[in-house]
Structure formats: C-alpha cells, structure tokens
Amino acid sequence: MAVAGSLALTACGGDAKTGSPAAAKTTAPAADSKPKIAVTGAFMPEPAMADMAGGFLVVKNSGSVADRLKSVTASAFSGKAEIHETTADGKMKEAKEGFPVPANGTLELKRGGKHIMFLEVKQKPKKGDKVAVELHFEKAGTVQVDMSVEAATHNPQQHH
C-alpha cells in the first residue's frame, strides 16, 4: 500500500516532458499579489446646484501592489460620475487615466484637489442623506461606498 501511495505521489510531482515541478504550474495568486483597498471618510457636501455635486474620500491601500482608481458610478443618483483634478490655474479637468493608488499608500480626494464630480444629478441630496457609489479599481475591482451628505461647508480637515 505504501508503495502504491508513493508511486501516485511521484506521478503528480512533475511533468515528464519538461521535468518542471507541478508547483510551478499553480495558478493560485500569492497572498500579497493584490491591492488591499479600504475607503474612509466618504462624504458629499450638500450641493448648491440641483444637477451637480462633488464627492470626497480617502482610499487606503495596505497591500504591496499598487492599483488605480479608474472610474466611479452612482447610477441611482446621477446620470454621470467622473473623477476630476484641479489644475494649477484652479480649473477642473477629468482624469481620464484615473488616479494611482500606491502600494502601502493612500489616494486622497479632497476639496481643491482630486475629487469626484456627479453630473446629471437625478434628485438633489440633503444633509443626512446617503449616496451609494461604486469605485472601480484596475486590480481590486469594484468597491461599494455610501457617501454621507454633509453641510455645504463641511471640511474634515478643519478642527473646531
């Protein structure tokens, strides 16, 4: 019985044509081969305009692999959502390539910088509402986030 068992193990141990061990053919990803994405501080200031709103949040990647925020959707809330950045001259432009999320680093979407723009808003949100948003990452896939609607002047960077 022991001989039969050892022959079976030997037969599974490699590829007779190449001599490569079976372990080299594994398709299971290494434990740290993906980004580890967590989103915190997601909020939307109560918009002044009925059809447009901004969104802010922090993306933390505790993994050893970098990622990229490629796009955002909030189909129940707006007809269109884009990721934007504010240029040196204070104008906004769409970041068509997305934003990098470094390995063991953060991506901060904040006022006056990188942010989410919601266009064609279906119903103007009010303070206290929650808006369901999907963040689409190149490697980590889709991450669901509930954005809290805060006062128009809300700024988490300021301490009172």
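Note that this is a predicted model, so its numbers are computed, not measured.

Ile116, Phe118, Leu135 and Met147 are the most contacted members of the largest nonpolar core, which totals 27 residues. When neighbours within four sequence positions are excluded, Ile116 is seen to be in contact with Ala53, Gly54, Gly55, Leu57, Val72, Glu82, Ile83, Leu109, Leu135 and Met147.

A few words on the packing of aromatic side chains. Going through the model one piece at a time under the given rule, you end up with two aromatic pairs. For the pair Phe43 and Phe56, a centre-to-centre distance of 5.4 Å together with 35 degrees between the ring planes defines the contact as tilted. Linking Phe43 in strand E1 (residues 37-45) with Phe56 in strand E2 (residues 52-61), this pair joins segments that are 13 residues apart in sequence. According to the relative accessible area criterion, Phe56 is buried, its value standing at 8%. For the pair Phe77 and Phe118, a centre-to-centre distance of 5.4 Å together with 80 degrees between the ring planes defines the contact as edge-to-face. Residue Phe77 is located in the loop between strand E3 (67-73) and strand E4 (78-86), and its partner Phe118 is located in strand E8 (residues 115-121); the two are separated by 41 residues in the primary sequence. The class for Phe77 is buried, based on a relative accessible area of 8%. Overall, Phe118 belongs to the buried group, its relative accessible area being 0%.

This brings us to the pattern of salt bridges. Applying the stated rule across the entire model yields two salt bridges. Glu82 is paired through a salt bridge with Lys80; the nearest N and O atoms lie 3.3 Å apart. With a relative accessible area of 40%, Lys80 lands in the partly exposed category. Of the charged contacts in the structure, one is a salt bridge between Lys96 and Glu94, with a shortest N-O distance of 3.4 Å. The class for Lys96 is exposed, based on a relative accessible area of 65%.

Basis of the calculations
- Residues numbered from 1 in each chain as written.
- Predicted model: local features only at pLDDT ≥ 70, side-chain atom pairs only at ≥ 80, totals over all residues.
- Heavy atoms only, no water.
- Core = buried A, V, L, I, M, F, W, Y, C linked by side-chain atoms within 4.5 Å.
- Buried < 20%, exposed > 50% of the residue type's maximum accessible area, 1.4 Å probe, protein only.
- Contact = heavy atoms within 4.5 Å.
- Phe/Tyr/Trp six-rings, centres within 6.5 Å; stacked < 30°, edge-to-face > 60°.
- Helix = DSSP H or I, 4+ residues; strand = E, 2+ residues; numbered from the N terminus.
- Salt bridge = Lys/Arg side-chain N within 4 Å of Asp/Glu carboxyl O.

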